[in-house]
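# Architecture and fold: a report
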Amino acid sequence: MTRIAVVTGGTRGIGAAISKALKAKGCTVAAIYAGNDEAAKAFKAETGIAVYKCDVSSYDTCAATLKTIEAEIGPVEILVNNAGITRDAMFHKMTPQQWQEVMSTNLNSLFNMTQPIWSGMRDRGFGRIVCISSINGQKGQMGQANYAAAKAGEIGFVKSLAQEGAAKGITVNAICPGYIATEMVMAVPQEVREKRILPLIPMGRLGEPEEIARCVTFLAADDASFITGATLSANGGQYMV
Ligand code: CAA
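Note that the structure is a prediction, hence the values are computed from the model and not measured.

## A closer look at the packing of helix α3 (residues 59-72) against helix α4 (residues 96-124)
Two packed helices can be described by the angle between their axes and the distance between those axes. At their nearest, the axes of α3 and α4 sit 9 Å apart, and the two run at 40° to each other. Taken together, the axes of α3 and α4 are oblique relative to one another. The way α3 lies across α4 gives a crossing that is right-handed. For the pair formed by α3 and α4, the contact residues are Y59, C62, A63, L66 and E70 on the first element and F111, N112, M113, Q115, P116 and I117 on the second. Looking at the contact of α3 with α4 residue by residue, the classes come out as eight nonpolar, two polar and one charged.

## Regarding the site of the ligand
If you check the shell around the ligand, you find 20 residues, and the closest are D88, K93, S134, Q141 and Y147. The side chain of Y147 places a nitrogen or oxygen atom 2.7 Å from an oxygen atom of the ligand. Contacts to the ligand include R196, whose side-chain N or O atom sits 3.0 Å from an oxygen atom. Notes on the ligand: free accessible area 980 Å², of which the protein chains cover 68%. Those elements that provide at least two residues to the shell around the ligand are α7 (183-186) and α8 (190-197). In terms of residue count, the dominant contributor to the shell around the ligand is α8 (three residues). When grouped by side-chain class, the residues that make up the shell around the ligand number 10 nonpolar, seven polar and three charged.

Criteria and thresholds
Residues numbered from 1 in each chain as written. Predicted model: local features only at pLDDT ≥ 70, side-chain atom pairs only at ≥ 80, totals over all residues. Heavy atoms only, no water. Axes fitted to C-alpha atoms, helices over the stretch in contact; angles between N-to-C directions. Helix = DSSP H or I, 4+ residues; strand = E, 2+ residues; numbered from the N terminus. Parallel < 35°, antiparallel > 145°, perpendicular 65-115°, else oblique. Left-handed = near helix turned anticlockwise from the far one by under 90°. Contact = heavy atoms within 4.5 Å. Nonpolar A, V, L, I, M, F, W, Y, C, P; charged D, E, K, R; others polar. Near = heavy atom within 4 Å. Polar contact = N/O pair within 3.5 Å; in protein donor to acceptor, adjacent residues only side chain to side chain. Areas by Shrake-Rupley, 256 points an atom, 1.4 Å probe, with all protein chains shown as cover.

Structural data, given as C-alpha coordinates:
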(Lines give C-alpha, C1' and ligand atoms only; values in the text may rest on other atoms or scores of the structure.)
Protein backbone atom coordinates (compact mmCIF):
# COMPACT_ATOMS: atom_id res chain seq x y z
CA MET A 1 0.00 0.00 0.00
CA THR A 2 1.86 3.09 -1.13
CA ARG A 3 -0.92 5.48 -0.28
CA ILE A 4 -0.98 8.80 1.57
CA ALA A 5 -2.80 8.46 4.88
CA VAL A 6 -3.93 10.88 7.56
CA VAL A 7 -4.71 9.63 11.06
CA THR A 8 -6.37 11.93 13.59
CA GLY A 9 -5.37 11.39 17.20
CA GLY A 10 -2.52 9.61 15.48
CA THR A 11 0.29 9.97 17.99
CA ARG A 12 -1.17 8.26 21.06
CA GLY A 13 -3.28 5.27 22.01
CA ILE A 14 -5.11 3.41 19.25
CA GLY A 15 -4.20 6.16 16.76
CA ALA A 16 -0.47 5.69 17.28
CA ALA A 17 -0.84 1.96 16.58
CA ILE A 18 -2.85 2.80 13.43
CA SER A 19 -0.23 5.28 12.18
CA LYS A 20 2.54 2.73 12.69
CA ALA A 21 0.59 -0.10 11.07
CA LEU A 22 -0.19 1.99 7.97
CA LYS A 23 3.47 2.99 7.71
CA ALA A 24 4.50 -0.67 8.03
CA LYS A 25 2.19 -1.41 5.06
CA GLY A 26 4.04 1.18 2.97
CA CYS A 27 1.86 4.25 3.40
CA THR A 28 3.17 7.76 3.86
CA VAL A 29 1.45 8.81 7.05
CA ALA A 30 0.59 12.20 8.55
CA ALA A 31 -0.41 11.88 12.20
CA ILE A 32 -2.59 14.65 13.59
CA TYR A 33 -2.60 15.49 17.28
CA ALA A 34 -4.49 18.01 19.37
CA GLY A 35 -2.14 19.38 21.97
CA ASN A 36 0.30 16.97 23.59
CA ASP A 37 3.50 18.29 21.96
CA GLU A 38 5.75 16.11 24.07
CA ALA A 39 4.02 12.87 23.10
CA ALA A 40 3.96 13.96 19.44
CA LYS A 41 7.68 14.77 19.49
CA ALA A 42 8.51 11.40 21.05
CA PHE A 43 6.25 9.62 18.55
CA LYS A 44 7.92 11.38 15.60
CA ALA A 45 11.39 10.57 16.92
CA GLU A 46 10.44 6.91 17.44
CA THR A 47 8.63 6.32 14.15
CA GLY A 48 9.79 8.96 11.66
CA ILE A 49 6.12 9.72 10.97
CA ALA A 50 5.26 13.37 10.26
CA VAL A 51 3.06 14.99 12.90
CA TYR A 52 0.71 17.95 12.54
CA LYS A 53 -0.92 19.86 15.40
CA CYS A 54 -4.59 20.45 14.65
CA ASP A 55 -7.75 20.87 16.69
CA VAL A 56 -10.22 18.58 14.94
CA SER A 57 -13.16 20.44 16.47
CA SER A 58 -12.37 23.49 14.29
CA TYR A 59 -13.35 23.35 10.61
CA ASP A 60 -10.98 26.14 9.58
CA THR A 61 -8.03 24.56 11.36
CA CYS A 62 -8.73 21.17 9.78
CA ALA A 63 -9.09 22.67 6.30
CA ALA A 64 -5.81 24.59 6.70
CA THR A 65 -3.94 21.57 8.10
CA LEU A 66 -5.17 19.29 5.31
CA LYS A 67 -4.08 21.90 2.76
CA THR A 68 -0.61 21.93 4.32
CA ILE A 69 -0.43 18.13 4.33
CA GLU A 70 -1.49 17.97 0.67
CA ALA A 71 1.14 20.57 -0.23
CA GLU A 72 3.90 18.80 1.72
CA ILE A 73 3.05 15.14 1.11
CA GLY A 74 0.36 14.89 -1.56
CA PRO A 75 -3.36 14.21 -1.95
CA VAL A 76 -4.92 12.36 0.95
CA GLU A 77 -6.07 8.88 -0.13
CA ILE A 78 -6.75 7.31 3.25
CA LEU A 79 -8.34 9.17 6.16
CA VAL A 80 -8.68 7.58 9.57
CA ASN A 81 -11.02 9.57 11.82
CA ASN A 82 -9.79 8.29 15.14
CA ALA A 83 -9.52 11.33 17.44
CA GLY A 84 -11.83 11.14 20.41
CA ILE A 85 -12.23 12.16 24.01
CA THR A 86 -14.36 11.14 26.97
CA ARG A 87 -16.05 13.38 29.50
CA ASP A 88 -17.87 10.64 31.40
CA ALA A 89 -20.56 11.58 33.92
CA MET A 90 -23.91 10.24 34.95
CA PHE A 91 -26.46 12.27 32.97
CA HIS A 92 -27.93 13.98 36.02
CA LYS A 93 -24.45 15.41 36.68
CA MET A 94 -23.41 16.09 33.06
CA THR A 95 -22.66 19.72 32.21
CA PRO A 96 -23.36 21.42 28.88
CA GLN A 97 -19.57 21.74 28.51
CA GLN A 98 -19.05 17.99 28.90
CA TRP A 99 -21.72 17.41 26.26
CA GLN A 100 -20.35 20.03 23.83
CA GLU A 101 -16.69 19.02 24.12
CA VAL A 102 -17.46 15.42 23.23
CA MET A 103 -19.76 16.42 20.35
CA SER A 104 -17.18 18.83 18.95
CA THR A 105 -14.22 16.48 19.10
CA ASN A 106 -15.89 13.15 18.38
CA LEU A 107 -18.69 14.07 15.98
CA ASN A 108 -18.17 17.52 14.43
CA SER A 109 -14.61 16.44 13.65
CA LEU A 110 -15.98 13.98 11.10
CA PHE A 111 -17.34 16.83 9.02
CA ASN A 112 -14.31 19.03 9.67
CA MET A 113 -11.75 16.44 8.55
CA THR A 114 -13.66 14.69 5.80
CA GLN A 115 -15.38 17.50 3.94
CA PRO A 116 -12.19 19.33 2.85
CA ILE A 117 -10.75 16.20 1.16
CA TRP A 118 -13.99 14.61 -0.09
CA SER A 119 -14.12 16.43 -3.45
CA GLY A 120 -10.51 15.50 -4.17
CA MET A 121 -11.26 11.83 -3.52
CA ARG A 122 -14.31 12.03 -5.79
CA ASP A 123 -12.30 13.69 -8.56
CA ARG A 124 -9.50 11.09 -8.35
CA GLY A 125 -11.96 8.18 -8.09
CA PHE A 126 -10.32 6.67 -5.03
CA GLY A 127 -10.60 7.00 -1.27
CA ARG A 128 -10.60 5.00 1.93
CA ILE A 129 -12.22 6.51 4.99
CA VAL A 130 -12.18 4.57 8.23
CA CYS A 131 -13.95 5.97 11.29
CA ILE A 132 -13.22 4.69 14.76
CA SER A 133 -16.59 4.49 16.49
CA SER A 134 -17.10 2.41 19.64
CA ILE A 135 -18.96 -0.51 21.16
CA ASN A 136 -20.63 2.15 23.28
CA GLY A 137 -22.10 3.79 20.18
CA GLN A 138 -23.70 0.41 19.41
CA LYS A 139 -25.02 -0.53 22.85
CA GLY A 140 -24.98 2.70 24.90
CA GLN A 141 -23.12 3.03 28.19
CA MET A 142 -24.09 4.47 31.53
CA GLY A 143 -22.02 7.57 32.21
CA GLN A 144 -21.55 8.17 28.49
CA ALA A 145 -24.74 9.71 27.07
CA ASN A 146 -22.51 12.26 25.28
CA TYR A 147 -19.89 9.81 24.00
CA ALA A 148 -22.39 7.10 22.98
CA ALA A 149 -24.52 9.66 21.13
CA ALA A 150 -21.47 10.91 19.20
CA LYS A 151 -20.25 7.39 18.42
CA ALA A 152 -23.71 6.27 17.25
CA GLY A 153 -23.84 9.41 15.11
CA GLU A 154 -20.55 8.38 13.60
CA ILE A 155 -22.13 5.17 12.33
CA GLY A 156 -24.92 7.18 10.64
CA PHE A 157 -22.30 9.42 9.07
CA VAL A 158 -20.40 6.39 7.74
CA LYS A 159 -23.46 4.70 6.26
CA SER A 160 -24.57 7.90 4.52
CA LEU A 161 -21.17 8.79 3.13
CA ALA A 162 -20.65 5.19 2.01
CA GLN A 163 -23.68 5.54 -0.25
CA GLU A 164 -22.41 8.83 -1.66
CA GLY A 165 -18.90 7.52 -2.26
CA ALA A 166 -19.78 4.10 -3.65
CA ALA A 167 -19.91 5.10 -7.30
CA LYS A 168 -16.73 7.17 -6.97
CA GLY A 169 -14.33 4.50 -5.71
CA ILE A 170 -14.49 5.75 -2.14
CA THR A 171 -15.25 3.33 0.67
CA VAL A 172 -16.34 4.52 4.10
CA ASN A 173 -16.39 2.12 7.02
CA ALA A 174 -16.63 2.15 10.80
CA ILE A 175 -14.74 0.10 13.34
CA CYS A 176 -16.29 -0.36 16.77
CA PRO A 177 -13.58 -1.19 19.27
CA GLY A 178 -14.53 -2.57 22.65
CA TYR A 179 -12.46 -1.75 25.70
CA ILE A 180 -8.84 -1.37 24.60
CA ALA A 181 -5.82 -0.97 26.91
CA THR A 182 -5.22 2.75 26.40
CA GLU A 183 -5.02 5.79 28.67
CA MET A 184 -8.72 6.45 27.93
CA VAL A 185 -9.84 3.13 29.37
CA MET A 186 -7.31 3.27 32.20
CA ALA A 187 -8.95 6.58 33.22
CA VAL A 188 -12.10 4.64 34.13
CA PRO A 189 -12.07 4.11 37.91
CA GLN A 190 -10.22 0.86 38.61
CA GLU A 191 -13.10 -0.60 40.58
CA VAL A 192 -15.58 0.04 37.74
CA ARG A 193 -13.14 -1.36 35.20
CA GLU A 194 -12.41 -4.54 37.09
CA LYS A 195 -15.83 -5.26 38.59
CA ARG A 196 -18.23 -3.87 35.99
CA ILE A 197 -16.45 -4.01 32.64
CA LEU A 198 -13.90 -6.85 32.51
CA PRO A 199 -16.41 -9.54 33.57
CA LEU A 200 -18.54 -8.59 30.54
CA ILE A 201 -15.76 -9.40 28.06
CA PRO A 202 -15.90 -13.11 27.14
CA MET A 203 -12.20 -13.07 26.23
CA GLY A 204 -11.49 -11.92 29.78
CA ARG A 205 -9.09 -9.16 28.79
CA LEU A 206 -8.85 -5.69 27.29
CA GLY A 207 -7.97 -5.43 23.62
CA GLU A 208 -4.61 -4.20 22.36
CA PRO A 209 -4.31 -1.07 20.15
CA GLU A 210 -2.61 -3.20 17.48
CA GLU A 211 -5.72 -5.38 17.26
CA ILE A 212 -7.68 -2.32 16.13
CA ALA A 213 -4.86 -1.12 13.87
CA ARG A 214 -5.03 -4.41 11.96
CA CYS A 215 -8.74 -3.81 11.31
CA VAL A 216 -7.84 -0.41 9.87
CA THR A 217 -5.13 -1.71 7.51
CA PHE A 218 -7.61 -4.33 6.30
CA LEU A 219 -10.33 -1.79 5.49
CA ALA A 220 -7.88 0.79 4.11
CA ALA A 221 -6.30 -1.61 1.64
CA ASP A 222 -6.94 -1.28 -2.09
CA ASP A 223 -8.15 -4.89 -1.91
CA ALA A 224 -11.03 -4.02 0.43
CA SER A 225 -12.76 -2.50 -2.57
CA PHE A 226 -16.21 -4.11 -2.11
CA ILE A 227 -16.58 -3.31 1.59
CA THR A 228 -18.36 -0.06 2.34
CA GLY A 229 -20.80 1.15 4.97
CA ALA A 230 -19.71 -1.71 7.20
CA THR A 231 -19.44 -1.66 10.97
CA LEU A 232 -16.63 -3.95 12.08
CA SER A 233 -16.81 -4.90 15.76
CA ALA A 234 -13.58 -5.79 17.58
CA ASN A 235 -14.58 -6.18 21.20
CA GLY A 236 -13.54 -9.60 22.52
CA GLY A 237 -17.12 -10.87 22.23
CA GLN A 238 -18.60 -8.23 24.55
CA TYR A 239 -21.35 -7.20 22.16
CA MET A 240 -22.50 -8.98 19.02
CA VAL A 241 -24.61 -7.32 16.36
N1 CAA B 1 -21.20 -0.56 34.18
C2 CAA B 1 -22.04 -0.85 35.18
N3 CAA B 1 -22.20 -0.07 36.25
C4 CAA B 1 -21.48 1.04 36.33
C5 CAA B 1 -20.59 1.43 35.31
C6 CAA B 1 -20.45 0.57 34.22
N7 CAA B 1 -19.60 0.81 33.23
N8 CAA B 1 -20.03 2.61 35.64
C9 CAA B 1 -20.57 2.95 36.83
N10 CAA B 1 -21.41 2.00 37.25
C11 CAA B 1 -22.17 2.01 38.48
C12 CAA B 1 -21.27 2.13 39.71
O13 CAA B 1 -20.71 0.89 40.08
C14 CAA B 1 -22.23 2.68 40.75
O15 CAA B 1 -23.07 1.64 41.20
P16 CAA B 1 -23.47 1.55 42.74
O17 CAA B 1 -24.18 2.85 43.05
O18 CAA B 1 -24.34 0.32 42.83
O19 CAA B 1 -22.18 1.41 43.49
C20 CAA B 1 -23.12 3.63 39.91
O21 CAA B 1 -23.00 3.17 38.56
C22 CAA B 1 -22.64 5.06 40.01
O23 CAA B 1 -21.25 5.10 39.69
P24 CAA B 1 -20.22 5.99 40.50
O25 CAA B 1 -20.41 5.90 41.97
O26 CAA B 1 -18.86 5.64 39.97
O27 CAA B 1 -20.67 7.46 40.10
P28 CAA B 1 -19.78 8.65 39.71
O29 CAA B 1 -20.73 9.77 39.45
O30 CAA B 1 -18.68 8.84 40.69
O31 CAA B 1 -19.07 8.20 38.33
C32 CAA B 1 -19.00 7.44 36.06
C33 CAA B 1 -19.89 7.74 37.27
C34 CAA B 1 -18.31 8.71 35.60
C35 CAA B 1 -19.95 6.95 34.99
C36 CAA B 1 -17.92 6.43 36.43
O37 CAA B 1 -18.47 5.35 37.11
C38 CAA B 1 -17.25 5.88 35.19
O39 CAA B 1 -16.31 6.48 34.68
N40 CAA B 1 -17.73 4.74 34.65
C41 CAA B 1 -17.20 4.14 33.46
C42 CAA B 1 -17.99 4.57 32.23
C43 CAA B 1 -17.37 3.89 31.04
O44 CAA B 1 -17.54 2.70 30.84
N45 CAA B 1 -16.62 4.66 30.23
C46 CAA B 1 -15.91 4.11 29.12
C47 CAA B 1 -14.61 4.86 28.94
S48 CAA B 1 -13.54 4.08 27.78
C49 CAA B 1 -14.19 4.47 26.30
O50 CAA B 1 -15.08 5.22 26.16
C51 CAA B 1 -13.55 3.79 25.11
C52 CAA B 1 -14.57 3.01 24.37
O53 CAA B 1 -14.95 3.44 23.28
C54 CAA B 1 -15.04 1.73 24.89
